[in-house]
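Listed below, chain by chain, are the residues.
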Amino acid sequence: MRKLIIASAAIFALTGVAACESQADKTAEVQADALEQQAAAAPTEAAETALNEKADMIEQQAGNADGGATTANTPNTSPSTANPGQ
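Helix and strand content of the protein: four helices and zero strands. Start at the N end of the protein and walk to the C end: the helices and strands fall as α-α-α-α. Looking at the protein residue by residue over its 86 residues, the buried ones come to 22%. Of all intrachain contacts in the protein linking residues separated by at least 6 positions in sequence, the fraction that spans at least 24 positions is 43%. Looking at the protein as shown, the accessible area adds up to about 6,100 Å², and 62% of this sits on carbon and sulfur atoms.

Below, the structure is given as structure tokens:
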């Protein structure tokens, strides 16, 4: 009986972890990664910043689609704002 309860709890926990990343999150991550690669190759700082901001916005919107569960830890990937003194 005890093993059954432990196994049930483990399955329930794994189901919760799997639900954390929705299809919208995965799609947004792919789109954001593509924009970040374009930003890395951008010819100007302004173009790089704009592409990184768009990537951040896409990730943020996907986080909001799941009730905000992932918006608090969405990183700012813009090198312009991450290292303002450089």
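Another aspect to go through is helix H2 (residues 23-40). With 18 residues, H2 ought to run about 26 Å at 1.5 Å a step, and its terminal C-alpha atoms sit 26 Å apart, in line with that. Along H2, the residues classified as buried are Asp25, Ala28, Ala32, Leu35, Glu36 and Ala39. Taken around the axis of H2, the buried residues stretch over an arc of 105°, which confines them to a single face. When the buried face of H2 is taken as reference, the exposed residues oriented beyond 90 degrees from it are Gln23, Val30 and Gln37.

Before going further, it helps to examine the environment of Lys26. Here Lys26 shows up in helix H2. Overall, the relative accessible area of 41% leaves Lys26 in the partly exposed class. For the pair formed by Lys26 and Ala62, sequence separation is 36 residues and the distance between their alpha carbons is 8.7 Å.

Judged by nonpolar contacts, Ala28, Ala32, Leu35, Ala39, Ala42, Leu51, Ala55, Ile58 and Ala62 together constitute the single largest core of nine residues. Among all residues touching Ile58, those that are not within four sequence positions of it are Ala28, Gln31 and Leu35.

So, on to the confidence of the model for the protein. When pLDDT is averaged along the protein, the result is 73, and 49% of the positions lie at 70 or above. When pLDDT is averaged over each helix and strand of the protein, the minimum, 57, is found for helix H1 (residues 2-19) and the maximum, 89, for H2.

Definitions and cut-offs
- Residues numbered from 1 in each chain as written.
- Predicted model: local features only at pLDDT ≥ 70, side-chain atom pairs only at ≥ 80, totals over all residues.
- Heavy atoms only, no water.
- Helix = DSSP H or I, 4+ residues; strand = E, 2+ residues; numbered from the N terminus.
- Buried < 20%, exposed > 50% of the residue type's maximum accessible area, 1.4 Å probe, protein only.
- Contact = heavy atoms within 4.5 Å.
- Areas by Shrake-Rupley, 256 points an atom, 1.4 Å probe, with all protein chains shown as cover.
- Expected span 1.5 Å × (residues − 1).
- Arc of directions from axis to C-beta.
- Core = buried A, V, L, I, M, F, W, Y, C linked by side-chain atoms within 4.5 Å.
- pLDDT = per-residue confidence, 0-100.

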